[in-house]
Each structure stands twice: as structure tokens, then as C-alpha cells.
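Geometric and topological summary
Chain by chain, the residues run as shown.
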Amino acid sequence: MNQPASTQTLNGPIYDFRALGFAPGEVVVVTGAGSGIGKATALTAAKSALAVAVWDMDAKGANETAQAINASGGTALAVTADVGSDKDVARAWDESARLGPCRYLVNNAGPSMVTELPFDASLALAMGSIYRVTTSWMERHGAAAASVVNMSSVLGNFQGGTGQAFYPVAKAGIAGYTRHLALKHRGQPRANAVAPGFILTPRTQPYLQNENTRVRLARIPAGRTGFPEDVAAAVMFLLSPAADYINGALLPIDGGWTSS
Ligand SMILES: NC(=O)c1ccc[n+]([C@@H]2O[C@H](COP(=O)([O-])OP(=O)(O)OC[C@H]3O[C@@H](n4cnc5c(N)ncnc54)[C@H](O)[C@@H]3O)[C@@H](O)[C@H]2O)c1
């Protein structure tokens, strides 16, 4: 049932995601689905009638998301895995096979902008994990693979950023890898990426009261931060049959921030 946009809350607007054209029970893997944007994406995928493999390195987060979906009548499986590990990813695909062939993939997991790792290792984690999960998905489910959405950022693509260098480098690389996938596979699967601006999640919450952040956020034409559900809605659209003619795109989800 469609809900008016005026029902917007901290959790964002609610729409009828069943209209996106997924066949009920088709399988999606969402990485980093134990928190923030990944969690909202997993919950939205379940509202879209997909069966969800909830991957996260944090077992508690993965279990909570999967339980929330199963308790509301959806189908979800919690899978504890670090997408930076070949061994974990192989095991995660084995476990996820219980749901059936994986048609859809959301590469959301990525390290925070602030990490103790050296540049090379951070880059390998942020970009390499998306390559690892996508490549192994194609190897195992190439015939079923319909589309993938990768989590990029406004940073590296539309803005610079004064934090650690690896983050914008990785996020620009993820956009480049997405275009490579789009061309290489000619739409089977389609590959798109999203570029969130400032999205209120457990990761960004501590920065909200920071003066620099407040000055930057004041420039957002939408007059608010993004909610995880804002990103989830765009991810589900790009992933879905409704976006059949969209391949290789990078969509900013930033309330107009990068146009300001
Ligand atoms: N929040 C924002 O403003 C924002 C903006 C642009 C891009 N992003 C991107 O969105 C994604 C999610 O960010 P968020 O703000 O929701 O963060 P979050 O910390 O709320 O959630 C991230 C989740 O990913 C999991 N995770 C992290 N590394 C992992 C790994 N190696 N293997 C498996 N799981 C892992 C964490 O355990 C956590 O549950 C990240 O890729 C981030 O770079 C976020």
C-alpha cells in the first residue's frame, strides 16, 4: 500500500517497493547489512519481496537484521563474514546458497573513513572486497546474476575531502569498477553505483555536532541529512527490473549537496 511522503520520520519515507518488479523470493545478498545503510537496504529488500542474505562481520548486527525481517514475515538468513577475507567470502556464498541462486548483490560493506590501516591496506579492503565479492558471485551465480549496486560516495567523485586519502581514492575506484562491470558484462548483470552524501548512521552520528560538519551540512539544499532509507530506496530501484535500461550509472543521493 502506498504511503504519503508526509509519513516521513527519522526512518524516511515509506513507499510500495513491490512495484519494482522483483519476483517474490528472488535472492539478494547485502553486505554490511548489520547496521546503517546496509541494514536499511536489507529491510527494504524484504519489503520488495526478496529473500535476503544478511552479510556482516558483526554477528550480532547480522542476526538482528535477519530476525527483524523474519519476524515481519519476510525471509532472511544471517551470515557472519568479513568481506576482506577470501575464506569468509567463500563460506558466506556456501551458506547463502540455502536461499537459492543469488540474482542481486549490494556491495555496501566498507571501512570507515578513519582507519588505523596503512594506505595500501585500506584501499585493498575498501575496493578489493567489492572486487572479491562480485567476482565470486559471478563465478558461482553468473547465469542467475541480474544486477549489482556498489556503495560509492560523493567523496572522490563529486567532492574532495580533507580526511584520509584512501577513502576518496577507493570510492572513485568503486565508481570506475562499476563502469567496467557494466561494459564488460553488457548488462548481464547490470552494474550501478550510488554516491551518498551525509547519511545519518551509527558511523556518522558522532560527527553530527562537530562544527565543521554543521557548516558543511548547512549547504545541503534539502535542509537535512540523509537517512539510510533514502539510500536504500535508490539502491533497490537501481537493482530492480524497473531500472532495466540503467547500466554503469553513479547516482548521487545527497539532498542536492554536490550541486550547491
Ligand atoms: N553514512 C554515510 O554518510 C555514508 C556516505 C557515503 C558512503 N557511505 C558508505 O556506506 C557504507 C555503509 O556505511 P554506514 O554509514 O551505513 O556504516 P555503518 O558503520 O553504520 O555500517 C557498516 C556495516 O558494515 C559492516 N562492515 C564493515 N566492514 C565490513 C567487512 N569488512 N565485512 C563485513 N561487514 C563489514 C559493519 O560491521 C557494519 O555493520 C560504507 O561503504 C560507507 O563508506 C556512507
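Residues numbered from 1 in each chain as written. Predicted model: local features only at pLDDT ≥ 70, side-chain atom pairs only at ≥ 80, totals over all residues. Heavy atoms only, no water.

**Let's talk about the confidence of the model for the protein**
The share of residues in the protein with pLDDT of 70 or more is 95%, and the mean pLDDT across the chain is 94. Low pLDDT, under 50, characterises residues 1–10; the stretch is placed with 14 contacts to residues that sit more than four places away or in other chains. (pLDDT = per-residue confidence, 0-100. Contact = heavy atoms within 4.5 Å.)

**Overview of the site of the ligand**
The full set close to the ligand counts 27 residues, and Ser35, Asp56, Asn108, Tyr167 and Thr201 are the nearest of them. Between the ligand and glycine 197 there is a distance of 3.2 Å, counted from an oxygen atom to a backbone nitrogen or oxygen. Alone, the ligand offers 840 Å² of accessible surface; in the complex the protein occludes 90% of this. Its residues assigned to classes, the shell around the ligand comprises 11 nonpolar, 11 polar and 5 charged. (Near = heavy atom within 4 Å. Polar contact = N/O pair within 3.5 Å; in protein donor to acceptor, adjacent residues only side chain to side chain. Areas by Shrake-Rupley, 256 points an atom, 1.4 Å probe, with all protein chains shown as cover. Nonpolar A, V, L, I, M, F, W, Y, C, P; charged D, E, K, R; others polar.)

**Section: the nonpolar core**
Residues Val28, Val52, Val54, Val194, Val231, Met236 and Leu239 are the most contacted members of the largest nonpolar core, which totals 31 residues. Going through the elements one at a time, β1 (27–31), α1 (36–47), β2 (51–56), α2 (59–71), β4 (102–107), β5 (147–151) and α7 (228–239) are the ones with two or more residues in this core. Per-element accounting of this core gives the leading share, 6 residues, to α7. In this structure, valine 54 is in contact with Val30, Ala33, Ala62, Thr65, Ala66, Ile69, Ala76, Leu77, Ala78 and Val79, ignoring residues within four places of it in sequence. If you look at the next biggest cluster of nonpolar residues, it comprises 25 residues, including Val79, Val83, Ala109 and Leu181. (Core = buried A, V, L, I, M, F, W, Y, C linked by side-chain atoms within 4.5 Å. Buried < 20%, exposed > 50% of the residue type's maximum accessible area, 1.4 Å probe, protein only. Helix = DSSP H or I, 4+ residues; strand = E, 2+ residues; numbered from the N terminus.)

**Some words on the packing of aromatic side chains**
Within the structure shown, the criterion is met by 4 aromatic pairs. Here phenylalanine 22 and tyrosine 104 contribute two aromatic rings whose centre-to-centre distance is 4.9 Å and whose plane-to-plane angle is 85°, an arrangement assigned as edge-to-face. Here phenylalanine 22 is found in the segment before β1, whereas its partner tyrosine 104 is found in strand β4, with 82 residues between them in sequence. Using a relative accessible area of 2% as the deciding quantity, one classes tyrosine 104 as buried. (Phe/Tyr/Trp six-rings, centres within 6.5 Å; stacked < 30°, edge-to-face > 60°.)

**Focus: unusual backbone geometry**
In this model, glutamine 188 is joined to proline 189 through a cis peptide bond whose omega is 5°. One can find proline 189 in the loop between α5 (166–185) and β6 (190–196). Its identity is not glycine, yet alanine 49 carries a phi of approximately 75°, on the positive side. By the secondary structure assignment, alanine 49 is in the loop between α1 and β2. For alanine 49, a relative accessible area of 28% translates into the label partly exposed. Phi at arginine 186 is positive, roughly 50°, even though this residue is not glycine. Within the secondary structure layout, arginine 186 lies in the loop between α5 and β6.

**As for the sheet that holds β1**
On the basis of which strands lie adjacent, the open sheet formed by 7 strands has the order β3-β2-β1-β4-β5-β6-β7 and parallel pairing. Two strands lie at the open edges of the sheet, namely β3 (76–80) and β7 (250–253), each paired on one side alone. The average angle at which neighbouring strand axes cross in this sheet is 20°, direction not considered. Here α1 sits on the sheet and contacts β1, β2, β4, β5 and β6; the angle it forms with β1, its principal contact strand, is near 170°. Sitting on the sheet, helix α3 (residues 86–96) is in contact with β1, β2, β3 and β4, with an inclination near 160° to β3. (Pairing = 2+ DSSP bridges. Axes fitted to C-alpha atoms, helices over the stretch in contact; angles between N-to-C directions.)

**Some points on the packing of α1 against α7**
Any two packed helices are characterised by the angle at which their axes cross and by the distance between the axes. In contact at an axis separation of 8 Å, α1 and α7 are set at 55° when each is read in the N-to-C sense. Relative to α7, the element α1 is oriented oblique. Between α1 and α7 lies a crossing whose hand is right-handed. Where α1 approaches α7, its residues Gly36, Ile37, Ala40, Thr41, Thr44 and Ala45 are matched on the opposing element by Pro228, Glu229, Val231, Ala232, Val235 and Met236. Residues belonging to the contact of α1 with α7 are distributed by class as follows: 8 nonpolar, 3 polar and 1 charged. (Parallel < 35°, antiparallel > 145°, perpendicular 65-115°, else oblique. Left-handed = near helix turned anticlockwise from the far one by under 90°.)

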